[in-house]
Amino acid sequence: MKGVVEIELSKTPDNIIITREIQVVNNTSAWFINRKPATLKTVEEQIAALNIQVDNLCQFLPQDKVGEFARLSKVELLEATEKSIGPPEMYKFHCELKNFREKERELENLCKDKTNSLEKMKQRVERYKQDVERYHERKRHLDLIEMLERKRPWVEYETVRKQHEEVKQIRDQAREELKNLKGMQSPLMKKMEEIEGSFKSLDRKIRCMAGEIKEASQKCKQKKDALEMKDKQIEEINQAFRMKKDEEMDRRKKIISAHKMIEEWNDELSTVNDCENLQPQIDAVNTELKHLQGERANIESDISDVTTEKNNQEREKKRIIDRIGQLNNIMSMKEETLKGKSQDTHSALMWLRKNKDKFKRTVCEPIMLVIRDHQKLRVNAVCAPAVSCAGNLPSRPIEELHQYGFFSYLRELFDAPLPVMSYLCSQYRIHDVPVGTEKTRNMIGKVIQETKLRQLYTAEEKYTVKVSAYTNLTFSTNVCLRAAQFLTNSVDTDERQQLEKQQQGINCKLQSLDTQLTTLFERQKHLERRDNELRQQKKELLERGNRRRQLESKIAVKYDSIKQLEQDAINLEDESQQANVKIKEINIQKARLVSELMHLIKHCVSLNILKTDLVLQSTAVDAEKNRLESEYKAASMQLRASEQNFRELDEKKRVLTENCRELLRKARQMCKMSPDQHLPKEFQTAFQTIPNTLEEIDALLNEEKSRASCFTGLNASIVEEYSKQTHEIQQLKEDLEEKKKELDNYKRNISQIKERWLNPLKSLIEKINEKFSNFFSSMQCVGEVDLHVENEEEYDKYGIRIRVKFHSSTGLQELTPYHQSGGEKSVSTMLYLMALQELNRCPFRVVDEINQGMDPVNERRVFEMVVKTACKESTSQYFLITPKLLQNLTYNDKMTVLFVYNGPYMLEANKWNLKSFCRQRRRLGRMDEQ
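Since the model is a prediction, treat every value here as computed from it, not as a measurement.

Reading the values: the criteria
Residues numbered from 1 in each chain as written. Predicted model: local features only at pLDDT ≥ 70, side-chain atom pairs only at ≥ 80, totals over all residues. Heavy atoms only, no water. Helix = DSSP H or I, 4+ residues; strand = E, 2+ residues; numbered from the N terminus. Buried < 20%, exposed > 50% of the residue type's maximum accessible area, 1.4 Å probe, protein only. Areas by Shrake-Rupley, 256 points an atom, 1.4 Å probe, with all protein chains shown as cover. Patch = residues over 30% accessible without salt bridge, like charges linked within 9 Å, V, L, I, M, F, W, Y side chains within 5 Å. Salt bridge = Lys/Arg side-chain N within 4 Å of Asp/Glu carboxyl O. Pairing = 2+ DSSP bridges. Contact = heavy atoms within 4.5 Å. Axes fitted to C-alpha atoms, helices over the stretch in contact; angles between N-to-C directions. Phe/Tyr/Trp six-rings, centres within 6.5 Å; stacked < 30°, edge-to-face > 60°. UniProt positions renumbered as here; feature names shortened; annotations may be inferred. pLDDT = per-residue confidence, 0-100. Core = buried A, V, L, I, M, F, W, Y, C linked by side-chain atoms within 4.5 Å. Lys, Arg positive; Asp, Glu negative; His and termini not counted. Charge placed at Lys NZ, Arg CZ, Asp CG, Glu CD.

Concerning the overall build of the protein
Summing up its helical and strand segments, the protein has 17 helices and 15 strands in all. Every one of the 930 residues in the protein was classed for burial, and the buried ones make up 30%. If you sum the accessible surface of the protein, you get close to 62,100 Å²; carbon and sulfur atoms cover 50% of it.

Written out as structure tokens, the structure reads:
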């Protein structure tokens, strides 16, 4: 699909036909000029050549642009008017004036800036001039400092060179002295070597003699040890004889003592009568002892049984106490949990335990009755039903619910005191609430639908089922079970009561066993005392029957002992003779050893005399050696001192040589000389005016540095900046002169163009004002158009001001988007465009629905003015587009009325007959007149 728009524009010699084809599919346009393809740019050039300005509201004004026309600023309205009705050069002159004025402002600002900059630069250069003079003065001081610093290394070099020559001479003298000392030391060394040889020979002889003396002394010591050994052997022989003598004396004493004891026993034996008949008494005692032993065994057996029973009971008691302790610990944990959750409930529980006697009936823990006393505790309490509900049966057996995964009712899963269980069954019907598994959860929909249960539990959730009283629909809600808080630790009260009863029974049993043990222990002690008495009696009877036999046996044993002692007799005379013989032989050996010892002692004495003579000779030689060593040491110290002095002087010479080289290198470097170059004449000449000593150079150098340091903040950049600023000032003066000439040219051009633009513009606006005022006067209103100027030099702010007055009670007001109504703005806009009509140089003008906001009176007046103005011979073509017109308007023969019919009830093209429509309309008109 496509749409076609075609327009024919008047032009001499041939008209121009412009066609636009719009493609709906891809939203593109094709342009044609005189049925030939063309580009949009070519079309725009053709339109501009005919002075057609589509975007100029003074030529094309659609309905939606009326407000925008009123919002045009004075400047914009002036430019639109110039483009629409002014000569072609008017708008061009206006643009040139604005551009020239902009350039003029730029040049004025630039000249002003350059003038200011030039003045500042002159002031800055004046300041720099003093700094430059100070810089040159400082430069002279620095040049002198530089020359002093260049000469100083040469003076240092000359000073060190002289020191080097002096040290070199002293070093050569030290070398000659060292050579003489070394020559004098050689004979002394030779003599020391000879003395050292003699000393070593004597030392070897002394060591050899000492070895012989040591060997002889060793032999003497061996002989002395042998003599001491012989003395010990004699002492051992005497000691053995004394021991045998003491042994013999002891044997004789034992024999005498044995005879004495035999005599005493014989006297006792003679006093002892014949043995009495004591056997019946002994048998009676034995019989009673046997009876006592049997009874004691029975007592011990009973004690063991009772003790075992007591130990068993105590172990059982300990087990029960431990178990009760465990239960108490669980209860304590529950109490601590309760205390953490509700301090008032815990306090009430403690009070209840102390005051149970105040209640007529059983109160279960936690508290189930309201306790309101002076403590004012806030706790919850309930009363158990008067008739117990703990035994209520469920509505159906649990076996019927097994198929749904239920395994028990809630009541069967815990224990509680009967009142508590009764209350829970009555209040919460726990006897009829089943508990299921994961299977129940997986088929929960079926469970709710088939079992009609009102409440049920699974492992993790609680389900509550309700039936609506209005719709009988079933609603179920489920919540996740919270973690246990109070019942995490449970206590078996029945077990605890049973354990307490067992503990009481065991305590009674232990008391009975303790009584039995006490009785048995007393009987056991009585039997032990009787047994001891009988055993003592038996012992006395036995001793009475065995005393004679014991005495006879002892006497016989003692006679055997005396016989043995007599057989062991020792002959002291024989033993004494044997000992004397052994001692005599040992003394002979001692005499031989003493003779040998005396010979060895004499040999040692002679060897010591020889050694002493050698030691004396060695001492003399050693003294001579020490004397020579002292002389050699003194000579060596002198030689080392001389060598040290030589080395120091040689090192000093080497250091001075290096210093000379380094100072010479630095001096050449300071003067920027090559290593082989001699001092240039200019430096020699300059150096002659400078002191020749380091002290004078340093003093002058410090003085010049102090003077140079007074010139602070100065550097070579100041001179460069001074030269640069001077050059820039000259350049800036030239630029400023050039810009002033250019500014004068712009001012002349502006003056010429302004005269060519402003006079025609004022004439044009006066014509527009004349026609605009006439149009408003014909409508009994007032309107003016004038040239608005704020500043004659600001050409971009020139504008056309429209002022209107629609009511006699008000004054002239500027046309703005806010002061006037929509109709007043439309009338003002239309009349302004009509004022431009006769002055317009554009081929046609288009106004779209301008009458939409006008009242009928203004619309009729404006329409008549448009017709009157547009139908003149000298005006351009005028297109007025409107969806409606008032009746009985005035028309002109030069007007062409085009009707555009459109709508859902539009006739087809082949059925359209304009003449028939006109006849029908005339016929209807006659009927209306009748």
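Things to note about a nonpolar patch on the surface
Where nonpolar side chains cluster on the molecular surface, the patch consists of Leu885, Tyr891, Val897, Phe899, Tyr901, Met906, Leu907, Trp912 and Leu914 and spans about 900 Å² of accessible area. Mapped onto the elements, tryptophan 912 comes out in the loop between strand 15 (877-881) and helix 17 (914-929).

Quick notes on the sheet that holds strand 12 (residues 799-805)
With respect to topology, three strands assemble into an open sheet ordered 11-12-13, the strand pairing being antiparallel. Each edge of the open sheet carries a strand with a single partner, namely strand 11 (782-788) and strand 13 (813-814). Bridge count for strand 12 against strand 13 is two bridges, and the pairing is antiparallel. Bridged to valine 804 within strand 13 is glutamine 813. Against the sheet, helix 3 (residues 74-85) makes contact with strand 11, strand 12 and strand 13, and its axis sits at roughly 105° relative to strand 12, the strand it touches most.

What to know about the packing of aromatic side chains
Counting across every chain of the model gives six aromatic pairs. Relative to tyrosine 798, the ring of tryptophan 757 has its centre 5.3 Å away and its plane inclined at 65°; by these criteria the two rings are edge-to-face. Taken together, the residues span a long stretch of sequence, with tryptophan 757 in helix 14 (residues 716-778) and tyrosine 798 in the loop between strand 11 and strand 12 at a distance of 41 residues. Here the aromatic residues Trp757, Tyr795 and Tyr798 are joined through ring pairs into a cluster of three or more.

Regarding unusual backbone geometry
Excluding glycine, a negative phi dihedral is what most residues carry, and trans is how most peptide bonds are arranged. Here the phi dihedral of arginine 429 falls at roughly 50°; this positive angle occurs in a residue that is not glycine. With respect to the element layout, arginine 429 can be found in the loop between helix 7 (418-428) and strand 7 (434-435). With relative accessibility at 45%, the residue arginine 429 sits in the partly exposed group.

Quick look at helix 7
Residues of helix 7 that are buried: Val420, Met421, Ser422, Tyr423, Leu424 and Cys425. Positive backbone phi, approximately 50°, marks arginine 429, located one or two places after helix 7.

Section: the UniProt feature "coiled-coil region" (unreviewed entry) in the protein
If you check UniProt for "coiled-coil region" (unreviewed entry), the listed places come out as residues 97-184, 213-240, 282-330, 496-589, 625-666 and 715-756 in our numbering. Span residues 213-240 is 100% helix and 0% strand, its end C-alpha atoms 40 Å apart.

Description of the side chain of threonine 451
Relative to the helices and strands, threonine 451 is located in helix 9 (residues 444-451). With a relative accessible area of 3%, threonine 451 lands in the buried category. Setting aside its immediate chain neighbours within four residues, threonine 451 contacts Arg396, Leu401, Tyr404 and Lys446.

What about the environment of methionine 350?
With respect to the element layout, methionine 350 can be found in helix 6 (residues 343-354). For the pair methionine 350 and glutamate 335, spaced 15 residues apart in sequence, the C-alpha to C-alpha distance is 9.7 Å.

A few points about the confidence of the model for the protein
The predicted model of the protein averages 78 in pLDDT, with 85% of residues at 70 or higher. Within the model, the stretch residues 367-375 combines pLDDT values under 50 with 23 contacts to residues more than four positions away or in other chains.

Description of the sheet that holds strand 2 (residues 16-23)
A sheet is described by the order of its strands in space; here four strands give the open sequence 1-2-3-4, paired in antiparallel fashion. What marks the edges here is a single partner per strand, and that holds for strand 1 (2-9) and strand 4 (36-38). Direction aside, neighbouring strands of the sheet carry axes that sit 30° apart on average. Examined bridge by bridge, strand 3 (residues 28-33) and strand 4 share three bridges and lie antiparallel to one another. By the bridge assignment for strand 4, tryptophan 31 is matched with alanine 38. Helix 1 (residues 40-49) contacts strand 2, strand 3 and strand 4 of the sheet and is inclined by roughly 50° relative to strand 3.

Observations regarding the nonpolar core
By size, the foremost hydrophobic cluster in this structure holds 41 residues, and its most contacted members are Trp757, Phe772, Ile802, Leu831 and Tyr832. Where this core is concerned, the elements lending two or more residues are helix 3, helix 4 (88-271), helix 14, strand 12, helix 15 (822-837) and helix 16 (856-870). When neighbours within four sequence positions are excluded, isoleucine 802 is seen to be in contact with Leu77, Phe772, Glu784, Val785, Gln813, Glu814, Leu815 and Tyr832. Listed in part, the 19 residues of the second largest apolar core include Ile195, Phe199, Leu227 and Leu600.

Some thoughts on the pairing of strand 12
Relative to strand 12, strand 11 runs antiparallel, the two sharing seven bridges. If you follow valine 782 over to strand 12, its bridge partner there is lysine 805.

Regarding a positive patch on the surface
On the surface, a cluster of positive charge is made up of Lys915, Arg919, Arg922, Arg923 and Arg926. Locating lysine 915 in the fold gives a position in helix 17.

As for the pattern of salt bridges
As enumerated under the stated definition, the model contains 36 salt bridges in all. Residue lysine 223 pairs with glutamate 596 through a salt bridge whose shortest N-O separation is 2.4 Å. Of this pair, lysine 223 sits in helix 4 while glutamate 596 sits in helix 11 (residues 572-670), placing them 373 residues apart in sequence. What you see here is one network of salt bridges that share partners, running through Arg101, Glu102, Glu104, Arg105, Glu108 and Glu794.

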